[in-house]
Amino acid sequence: MDELTIETPETQILCHQCAAVLPIEQGSQFVTCEFCGATNFVDKSGAVLHYAVRATVDETAAAAAVRRWMGGNDTVKDLDKKAVLERPSFQMFPMWLVRVDMNGQEKVVLEPAAALSVLEITELSIPASDLEPYDHTMDGDAITPTVPLDTVRKWLAENQKIAAGQIKESSLVHLPLFIFKYTFGGRGYTAVVDAASSQVFASIYPSKREVPYVAIGSIGCALYFCAALIPAISFFSFDISLIFGIVGYIVVAIVLAVPIFGIAAYISARV
């Protein structure tokens, strides 16, 4: 196959005995022909198969997943209530799925086959059971690949030290995605929902400010460090029993916990 013709990867491998189309599955090397019963060894290292993942999540469920993500611990308070969410666009996005042999263990590498703004999608796990041969009825929603497989192979060789001989299988997989645009605080953001798993991905979003948490944590550590010196100071400087010094530390630690946790709760509610 010519790797420059990335718009129409091969989707069929034929039986060596009767030339019937074999039902190829991800990761399988031996396939039994459904027509003549012959067992075929399938070398997919040089072939490029074309798969798709069927959407199982509708627009309503995808929007609900985004709202749940907005109400999580990583985003600013009340983002799920204050963000203005636009109606999403649906697309079948192309990804290169490469199976490689890493010291006897199989590793799956997922790389975009077109321009992608939310790179976190490459962390998506795609079970082999979710893959099925690409259906051309999906063409209307499918994004055309623009990144050649040869480019991905060069990137694997240069950045991950994966030689061509380690590649066991290369596939073009179209993933069903809902692309959500929303505004918050006068700025626009993007969130992507995997329409097969409801998983939400976002590169840039209104996140909680870390400075208040770092400040209260630093202050708490400093205060408890000073409190931990009470037994030693009382024993060596005031000749007080070590037990009384430890009791004094416990009392001070309890007293300090009240304002520290109170301030932390206040910051959590406001940020």
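Coordinates for the structure precede this section.
Bear in mind the structure is a predicted one, so any value in this text is a computation, not a measurement.

## What to know about the overall build of the chain
And step 1. If you tally the helices and strands in the chain, you get six helices and 10 strands.
And step 2. Counting all 271 residues of the chain, 37% fall into the buried class.
And step 3. Residue pairs at least 24 apart in sequence account for 65% of intrachain contacts in the chain once pairs closer than 6 positions are excluded.
And step 4. Working note: accessible area of the chain is about 15500 Å², and carbon and sulfur atoms make up 58% of it.

## Focus: the pairing of strand E6 (residues 105-112)
And step 1. In the sheet, strand E5 (residues 89-102) pairs with E6 via eight bridges, with the strands oriented antiparallel. From the neighbouring strand, Leu-97 faces E6, where its bridge partner is Leu-110.
And step 2. Remark: two residues form the turn of the hairpin made by E5 and E6, two consecutive strands paired antiparallel; Asn-103 in that turn has positive phi of roughly 55°.

## Quick look at unusual backbone geometry
And step 1. Despite not being glycine, Asn-103 shows a phi value in the positive range, around 55°.
And step 2. Residue placement: Asn-103 occurs in the loop between E5 and E6.
And step 3. A residue is classified by how much of its surface remains accessible, and Asn-103, at 81% relative accessible area, is exposed.
And step 4. The backbone of Lys-161 shows a phi angle near 55°, a positive value even though the residue is not glycine.
And step 5. With respect to the secondary-structure elements, Lys-161 resides in the loop between helix H3 (149-159) and strand E8 (167-184).

## A closer look at the environment of Pro-148
And step 1. Along the chain, the position of Pro-148 falls in the loop between strand E7 (131-133) and H3.
And step 2. When the C-alpha positions of Pro-148 and Ala-114 are compared, they lie 9.1 Å apart, and in sequence the two are 34 residues distant.

## Some points on a nonpolar patch on the surface
And step 1. Judged by side-chain polarity, Ile-243, Val-247, Val-251 and Val-255 come together as a nonpolar surface patch covering roughly 370 Å² of accessible area.
And step 2. Along the polypeptide, Val-247 turns up in helix H6 (residues 242-270).

Quick notes on the rules
- The numbering scheme is per chain: residues are counted from 1 as the chain's sequence reads.
- Residue-level local features of this predicted model are given only where pLDDT is at least 70; pairs of side-chain atoms are given and counted only at 80 or more, and the full residue set underlies all totals for whole chains, interfaces and linings.
- Based on all heavy atoms of the structure, the side-chain values leave hydrogens and waters out of the count.
- Note on conventions: DSSP H or I runs of at least 4 residues are helices, E runs of at least 2 residues are strands, and numbering of each starts at the N terminus.
- Partly exposed describes any residue whose relative accessible area lies between the buried limit of under 20% and the exposed limit of over 50%, with all areas from a 1.4 Å probe on protein chains only and scaled to the type maximum.
- Note on contacts: a residue pair qualifies if any of its non-hydrogen atoms lie within 4.5 Å across the two residues.
- To be clear on the numbers: accessible area is Shrake-Rupley with a 1.4 Å probe, and residue cover counts the displayed protein chains and nothing else.
- In this scheme, strands are said to pair when DSSP sees at least two bridges between them.
- Exposure above 30% relative accessible area and no salt bridge define the residues that can form patches, which grow by joining like charges within 9 Å and nonpolar side chains of Val, Leu, Ile, Met, Phe, Trp and Tyr within 5 Å.
- We define a salt bridge as a side-chain nitrogen of Lys or Arg found within 4 Å of a carboxyl oxygen belonging to Asp or Glu.

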